[in-house]
Amino acid sequence: MNLTTLTASAGLIAAASLAVALRGAPGMGVLTGYVAGAAVTGFCLLRQRRVLRDAPRRALQSMVEGFLAKLGAIVVATAVILFVPGLRERCNLASFLLAFAAAVLLVLLPGTFE
């Protein structure tokens, strides 16, 4: 296992523990936010590594694309939480956004380091 996998797994355990402790909508927001943030960031890291291997001159472009993908994901997820009937009551938006940001940092930092 590499460092990215270990930190992502540790973060998932922490997010699940916090979700159980918070219960209800805030807990659901934490869990879904972490999973969404980690998934989008992991996808962006995989793409960045492939670009660096195949065309290193496009390194900055792949980083900007990863940032835009994460930005797009957070905008779409926020819109879904706000406009899908019944989802706002089941998933707290503030806890979702905080967990998404934490997951991005927790996965991106070791992923970039490796």
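The paragraphs below set out a description of the structure included in this document. As the structure is a prediction and not an experimental result, all values here were calculated from the model.

This part is about the overall build of the chain. Across its full length, the chain carries five helices and zero strands. Tracing the chain from N to C terminus, the helices and strands come up as α-α-α-α-α. If you line up the chain on its principal axes, its C-alpha atoms span 45 × 30 × 15 Å. Of all 114 residues assigned to the chain, the portion counted as buried reaches 32%. The contacts of the chain with a sequence gap of at least 6 include a subset with a gap of at least 24, amounting to 68%. Just so you have it, the chain exposes about 6900 Å², and 75% of that area is on carbon and sulfur atoms.

Right, let's talk about unusual backbone geometry for a bit. Backbone geometry places arginine 23, a non-glycine residue, at a positive phi of 60 degrees. Tracing the backbone shows arginine 23 in the loop between helix H1 (3-22) and helix H2 (24-54).

Glancing now at helix H5 (residues 93-113). Taking 1.5 Å per residue, 21 residues should reach 30 Å; H5 reaches 30 Å between its end C-alpha atoms and fits that length. Taken together, the buried positions of H5 are occupied by Ser95, Phe96, Ala99, Phe100, Ala103, Val104, Val107, Pro110 and Gly111. On the buried face of H5, the contacting elements are H1, H2 and helix H3 (59-83). By the N-cap criterion, in which a side-chain oxygen at the helix start approaches the backbone nitrogen of a residue two or three places on, H5 is capped by asparagine 92, the distance to alanine 94 being 2.9 Å.

Its place among the elements puts valine 104 in helix H5. With 96 residues separating them in the primary sequence, valine 104 and alanine 8 have C-alpha atoms 9.6 Å apart. In contact with valine 104, other than residues within four places in its own chain, are Gly37, Thr41 and Lys70.

Right, let's talk about the side chain of threonine 4 for a bit. Turning to its location among the elements, threonine 4 is positioned in helix H1. The exposure class assigned to threonine 4 is buried, which follows from its relative accessible area of 12%.

The final tally for this structure, using the stated rule, is three salt bridges. Of the charged contacts, one joins arginine 47 and glutamate 65 as a salt bridge, the two residues approaching to 2.9 Å between their closest N and O atoms. Residue arginine 47 is found in helix H2, and its partner glutamate 65 is found in helix H3; the two are separated by 18 residues along the sequence. By relative accessible area, which is 27% here, arginine 47 ends up partly exposed. Among the ionic pairs, aspartate 54 bridges to arginine 50, the shortest N-O distance being 4.0 Å. Taken together, the residues aspartate 54 and arginine 50, both in helix H2 and four residues apart, mark about one turn of the helix. Note on arginine 50: relative accessible area 41%, which makes it partly exposed.

Criteria and cut-off values
Within each chain, residue numbers correspond to sequence positions counted from 1 in written order. Totals for whole chains, interfaces and linings use all residues, but because this is a predicted model, local features are given only for residues with pLDDT of at least 70 and pairs of side-chain atoms are given and counted only at 80 or more. Values reported for side chains reflect all heavy atoms of the structure, with hydrogen atoms and water molecules removed beforehand. Starting at the N terminus, helices and strands are each numbered in turn, a helix being any DSSP run of H or I of at least four residues and a strand any DSSP run of E of at least two. Partly exposed residues are those whose accessible area sits between 20% and 50% of the maximum for their type, while under 20% is buried and over 50% is exposed, using a 1.4 Å probe and protein chains only. Contacts between residues were defined by any pair of non-hydrogen atoms, one from each residue, lying within 4.5 Å. Computed by Shrake-Rupley with a 1.4 Å probe, the accessible areas treat only the displayed protein chains as cover when residues are assessed. Multiplying 1.5 Å by the helix residue count minus one yields the expected span of that helix. What qualifies as a polar contact is a pair of N or O atoms within 3.5 Å, subject to a donor-acceptor requirement within protein and to the restriction that residues adjacent in sequence count only when both atoms come from side chains. Any carboxyl oxygen of Asp or Glu that lies within 4 Å of a side-chain nitrogen of Lys or Arg is treated as forming a salt bridge with it.

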